[in-house]
Amino acid sequence: MKYLRYLWYILRHKWFVFIETCRLGIPWRGITHDSSKLLPDEFFPYAEYFYGGYKRGEIPDAVQCAFNWAWLKHQHRNPHHWQHFILHSDDGGLLHMRMHDADRKEMLADWKGAGKAITGKDNTSEWYKKNRNNILLHPETMLWICRMLKVNPLDKTFAIIMPDIAKDSIPLSSSPLLVNPMGIPPSPHLEPERIDMI
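Residues numbered from 1 in each chain as written. Predicted model: local features only at pLDDT ≥ 70, side-chain atom pairs only at ≥ 80, totals over all residues. Heavy atoms only, no water.

**Q** What is the right way to look at the pattern of salt bridges in this model?
**A** Side-chain pairs of opposite charge can arise whenever the charged atoms involved come near each other. Scanning the entire structure with this criterion turns up 13 salt bridges. Where Asp 41 meets Lys 73, a salt bridge forms, and the shortest distance between an N and an O atom there is 3.4 Å. In this pair, Asp 41 sits in helix 3 (residues 40–51) while Lys 73 sits in helix 4 (residues 61–77), placing the two residues 32 residues apart along the sequence. Overall, Lys 73 belongs to the partly exposed group, its relative accessible area being 33%. Residues Asp 101 and Arg 104 are paired through a salt bridge, measuring 3.0 Å at the closest nitrogen-oxygen approach. Placement of the pair is Asp 101 and Arg 104 together in helix 5 (residues 101–119), with a separation of 3 residues, close to one helical turn. (Salt bridge = Lys/Arg side-chain N within 4 Å of Asp/Glu carboxyl O. Helix = DSSP H or I, 4+ residues; strand = E, 2+ residues; numbered from the N terminus. Buried < 20%, exposed > 50% of the residue type's maximum accessible area, 1.4 Å probe, protein only.)

**Q** Would you take a moment to explain the environment of Met 107 for this structure?
**A** Along the chain, the position of Met 107 falls in helix 5. The sequence separation of Met 107 and Ile 145 amounts to 38 residues, and the corresponding C-alpha distance is 9.6 Å.

**Q** Even after reading the chapter, I still don't get the environment of His 100, so can you show me in this structure?
**A** Relative to the helices and strands, His 100 resides in the loop between strand 2 (94–97) and helix 5. On the basis of relative accessibility, which here comes to 52%, the residue His 100 falls in the exposed class. Sequence-wise, His 100 and Pro 79 are 21 residues apart; in three dimensions their C-alpha atoms are separated by 8.8 Å. Among the polar contacts made by the side chain of His 100, one reaches the side chain of Asp 103 at a distance of 3.0 Å. (Polar contact = N/O pair within 3.5 Å; in protein donor to acceptor, adjacent residues only side chain to side chain.)

**Q** Honestly, helix 1 (residues 2–23) in this entry has me stumped. Any pointers?
**A** Note: α-helices contain 3.6 residues per turn, so residues at a spacing of three or four share the same orientation. Compared with an ideal rise of 1.5 Å per residue, which puts 22 residues at 32 Å, helix 1 spans 32 Å between its outermost C-alpha atoms and is within 8% of the ideal. The set of residues buried in helix 1 consists of Tyr 6, Tyr 9, Ile 10, His 13, Lys 14, Val 17, Glu 20 and Thr 21. Across the axial projection of helix 1, the buried residues extend over an arc of 135°, all falling on one side. Helix 1 presents Leu 4, Trp 8, Trp 15 and Arg 23 as exposed residues on the side facing more than 90 degrees away from its buried surface. (Expected span 1.5 Å × (residues − 1). Arc of directions from axis to C-beta.)

What follows is the structure, given as structure tokens:
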């Protein structure tokens with residue numbers, strides 16, 4: 001039953017993403033969106049994690065570990081996830097690469113589609129405001145997202161990083177906005193919220 005419930009969620013989510021990608025002028029990305037979630041190494045761990053009947057904080061280690069691997073594979077297979085554009089360099093540094101236009105459009109459609117599939121409404125702006133401190137975006141991508149969602153960026157922080165926008169990648173350590181935009185200590189782990197499922 002959990003597998004059918006998860007498959008139904010995927011199909012609903014893909015439908016809402018398709019509608020959004022059509023609005024953004026990239027319908028093919030909506031058709032192919034999240035196809036990797038149907039692969040066994042993503043499908044079964046996701047289904048167990050989200051529909052296995054576990055409460056938050058009571059997920060068995062084996063289920064959590066399998067989901068973490070599936071989530072990592074999903075990010076690497078799908079460039080519409082911002083995590084796909086984080087480069088871990090050999091010297092231990094982190095670079096955030098500029099997202100391609102089609103990828104950032106699909107990311108926005110994904111966020112909107114997840115909200116509609118889960119809650120039945122588009123609450124993307126509120127979700128982004130709540131989660132933006134954990135979402136590391138290249139400044140150009142962040143400005144685009146803020147404009148699309150009608151969210152005001154933090155003016156004083158953006159003034160500091162504006163010269164970096166022309167670069168294709170920026171070290172996370174060189175930008176106060178990308179490291180810690182609100183001065184809040186980062187979460188010890190940045191796994192997706194269970195309600196996101198994106």
